[in-house]
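Structural overview for review
Residues per chain are reported as follows:
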Amino acid sequence: MTGGPASSGTLDARGGSGPVFATARDTSDGGTPHSDVVIVGAGVGGSFLALLLGQRGLRVTVVERAERIAAHGADFLKPRGLRLLSEQGLLPELLSRGALRRDTISYYHDGDLLQDYSYLDHTGLGYFLILPYREIVTPIVERAQRLLNVEFAFGTTVAAVETRPLVGRDGEFGGEEFAGVEAVVLSDGRRLSTRAVVDAGGPTSPVRAFVGARQESYGYEHEVRMVTIPVTPSIAERNRMYFDSTGWFAYFYPVDAEQARVFVGVPRHEDAAVFEERTEKLTERLRGFVTDSADALDALDPSAFLRAPVKALRTAHYHRGNVALLGGTAFSCHPMTGQGMSYTLEDASLLADLIARSAADGGPELESLLAEEYESRREVHARLVDYGDDLAGSYPNRELYQKSFRPGMHGGDV
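Residues numbered from 1 in each chain as written. Predicted model: local features only at pLDDT ≥ 70, side-chain atom pairs only at ≥ 80, totals over all residues. Heavy atoms only, no water.

1. As for the overall build of the protein
Heads up, the condition is: Every helix listed is a DSSP run of H or I at least four residues long, and every strand listed is a run of E at least two residues long, numbered separately from the N terminus. Burial classes follow relative accessibility: with a 1.4 Å probe on protein chains only, a residue under 20% of its type's maximum area counts as buried, one over 50% as exposed, and anything between as partly exposed. Contact definition: two residues touch when any of their heavy atoms are within 4.5 Å.
Check the secondary structure of the protein and you find 14 helices and 21 strands. The buried share of the protein, reckoned over its 414 residues, is 56%. Considering only residue pairs separated by 6 or more positions, the protein has 71% of its internal contacts joining residues 24 or more positions apart.

Rendered as structure tokens:
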């Protein structure tokens, strides 16, 4: 994607290609409902941003296509993200939902222990939490919904975006005129005037087209599948990640007292033989390098595994006018880093501060704040994506993986 539509152009949403973009009509009669911020996507980033903005007194509408909070997403809260949720008093609610507190992950290569990575040794917090994604997001949403100025519109989409030209900045946008969003029209028929739009709806979110940023998305040399099984003693004891020199890997961890997740990665050319044709025996291959989690292997049914697509995403810029990208709409990294959710929570915290500062009487223009303070997050994300690429490209080679592994970055304290 190389560019967004002009302010007076349209894209037909009714054909499935996204919302209609059109020039804003006159709103001088003051009859149009207003939402200070419209957030697209009720995932962890969008929901946390809504909570933070709502606490600052802004009127917020969260638009979510799904009828309920998504069930699929990261199950891990690493230290840098966990701190932000703790600051909002959400830790007790997470623990009450059965969050598991862990401090060690063991890594193996060709069946031999490679290292015991201790969060006690490498992070200030000393632990991370595991909880199913929906159970992470739900208390954030529920806390935000207690605020009278925050609305979650589930089962709703953005049908149209109405724009108005704003004066561009010199620099990466070349000083050209570009459009800011004046109002959004929702699929339920409501039209909301707004100060800002934040697109946290993921890589296929339709509003992302307005920002018009060039994006690079790419996969890896392996396919990843996931299955949920009953917890076994070895999984309850410790998270374990196994690599082998032929390009396979397997990760075993509990999500609560009764269930566990198993992720298996195989070279792309072997995926069909293992999980679809089943001419290659999954458990036999895993027994060759999965040692201390062998008690879980008999529970693995190849037909029960679901695809877990893994792609990296890099975006050339994160805003246009008063529209900003957040979370998976802006970037994604290989899950071997374990840090995507934490970085998204940090981004949401920064965005909340910038939007609130702009909304205050006499505050600076939001576009200026986004350009000066939010765009720098691209460099932070680029380092994380690079790190994920290094891990994903090196794990078949024991020595190369050890050189790629960075304890401070992996734990999330740097």
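2. What about the nonpolar core?
Counted only if it meets this: Residues belong to a common nonpolar core when they are buried Ala, Val, Leu, Ile, Met, Phe, Trp, Tyr or Cys residues joined through side-chain atoms within 4.5 Å.
One finds Ile39, Phe48, Leu49, Leu53, Leu77 and Tyr107 to be the most contacted residues of the largest nonpolar core, which totals 103 residues. Here the element with the most residues in this core is helix 10 (residues 340-359); it accounts for nine residues. Once residues within four sequence positions are removed from consideration, tyrosine 107 is found in contact with Asp112, Leu113, Leu114, Gln115, Tyr117, Met241, Phe243, Tyr401, Phe405 and His410. Grouped together as the second largest cluster of nonpolar side chains are 22 residues, Ala250, Phe252, Val290 and Leu297 included.

3. Details of the environment of alanine 183
For alanine 183, the position within the fold is in strand 11 (residues 178-186). According to the relative accessible area criterion, alanine 183 is buried, its value standing at 0%. For alanine 183 and arginine 195, which are twelve residues apart along the polypeptide, the C-alpha to C-alpha distance reads 8.4 Å. When near neighbours in sequence (up to four residues on either side) are disregarded, alanine 183 contacts Ala160, Val161, Glu162, Arg191, Leu192, Ser193 and Thr194.

4. What about the confidence of the model for the protein?
Rules: Values of pLDDT, ranging from 0 to 100, describe the predictor's confidence in every residue of the model.
Averaged over all residues, the pLDDT of the protein is 89; the fraction at 70 or higher stands at 88%. Overall, residues 168-176 carries pLDDT values under 50, and its contacts beyond four positions in sequence, including any with other chains, amount to 18 contacts.

5. Concerning the sheet that holds strand 17 (residues 259-267)
The condition is simple: At least two bridges found by DSSP between two strands is the condition for calling them paired.
Spatially, seven strands are ordered 7-6-15-16-17-14-18 in an open sheet, and the strand pairing comes out mixed. For this open sheet the edge positions go to strand 7 (112-118) and strand 18 (306-307), each flanked by a neighbour on one side alone. Pairing geometry for strand 6 (residues 104-109) and strand 15 (residues 239-243), over five bridges, is parallel. Looking across to strand 15, one finds that tyrosine 107 is bridged to methionine 241.

6. A look at the side chain of asparagine 239
Note the following rule: We define a polar contact as two N or O atoms separated by no more than 3.5 Å, with the added condition that, inside protein, one atom must be a possible hydrogen donor and the other a possible acceptor, whereas residues neighbouring each other in sequence contribute only through side-chain atom pairs.
Mapped onto the secondary structure, asparagine 239 falls in strand 15. For asparagine 239, a relative accessible area of 0% puts it in the buried group. At a separation of 3.0 Å, a polar atom in the side chain of asparagine 239 contacts the side chain of arginine 102. For asparagine 239, the side chain forms a polar contact with the side chain of tyrosine 251, separated by 3.0 Å. Contacts of asparagine 239, omitting those with residues within four sequence positions, involve Phe76, Arg102, Thr104, Ile105, Ser106, Phe128, Ile130, Tyr251, Phe252, Tyr253 and Pro254.

7. A closer look at helix 5 (residues 133-145)
Quick note on the threshold: Working rule for helices: expected span equals 1.5 Å times residues minus one.
Across its 13 residues, helix 5 extends 18 Å between first and last C-alpha, which sits within 8% of the 18 Å expected from 1.5 Å per residue. Along helix 5, the residues classified as buried are Tyr133, Ile136, Val137, Thr138, Pro139, Ile140, Val141, Arg143 and Ala144. On its buried face, helix 5 is in contact with helix 1 (44-55), strand 4 (76-77), helix 2 (79-87), helix 3 (91-96), strand 9 (150-154) and helix 10.

8. With respect to unusual backbone geometry
Residues other than glycine predominantly adopt negative phi, and peptide bonds predominantly adopt the trans conformation. Even without being a glycine, aspartate 110 presents a positive backbone phi close to 50°. Structurally, aspartate 110 can be placed in the loop between strand 6 and strand 7.

9. So, the sheet that holds strand 4
The three strands are arranged 4-8-5 in an open sheet whose pairing can be described as antiparallel. The open sheet terminates on both sides in strands that have one partner only, identified here as strand 4 and strand 5 (100-102). Pairing of strand 4 with strand 8 (residues 128-130) involves two bridges; the strand directions are antiparallel. The partner of leucine 77 across the bridge, within strand 8, is leucine 129.

10. Details of the packing of helix 1 against helix 5
Spelled out, the test is: Note on definitions: angles span 0 to 180 degrees between N-to-C directions of axes, and those axes are lines fitted to C-alpha atoms, for helices only across the stretch in contact. Roughly parallel means an angle under 35 degrees; roughly antiparallel means over 145; roughly perpendicular covers 65 to 115; every other angle is labelled oblique. Crossing handedness is defined as follows: a turn of the near helix away from the far one that is anticlockwise and smaller than a right angle gives a left-handed crossing, while the clockwise case is right-handed.
Remark: helix 1 packs on helix 5, axes separated minimally by 8 Å, with the N-to-C direction vectors making an angle of 20°. By the angle between their axes, helix 1 is roughly parallel relative to helix 5. The hand of the helix 1/helix 5 crossing is left-handed. Taking contact as the criterion, the partners of Val44, Ser47, Phe48 and Leu51 in helix 1 are, on helix 5, Tyr133, Ile136, Val137, Ile140, Val141, Arg143 and Ala144.

11. Quick notes on the pattern of salt bridges
What counts here: Note on definitions: salt bridges are taken to be side-chain nitrogens of Lys or Arg within 4 Å of carboxyl oxygens of Asp or Glu.
Enumeration over the complete set of coordinates arrives at 30 salt bridges. Counted as one network, the salt bridges with shared partners bring together Glu223, Arg225, Arg268, Asp271, Glu276 and Arg307.

12. With respect to the pairing of strand 14 (residues 222-230)
As judged from the nine bridges shared by strand 14 and strand 17, these two strands associate in the antiparallel manner. Bridging across to strand 17, isoleucine 229 finds its partner in alanine 260. Relative to strand 18, strand 14 runs antiparallel, the two being bridged by two bridges. Bridge pairing in strand 18 links arginine 225 to arginine 307.

13. Focus: the environment of valine 274
By the secondary structure assignment, valine 274 is in helix 8 (residues 271-275). You can call valine 274 buried: its relative accessible area is 0%. Residues valine 274 and serine 303 lie 29 residues apart in sequence; the distance between their C-alpha atoms is 9.6 Å.

14. Overview of the environment of arginine 377
One can find arginine 377 in helix 12 (residues 377-394). On the basis of relative accessibility, which here comes to 12%, the residue arginine 377 falls in the buried class. Apart from residues no more than four positions distant in its own chain, arginine 377 is found in contact with Tyr318, Tyr343, Glu346, Asp347 and Leu350.

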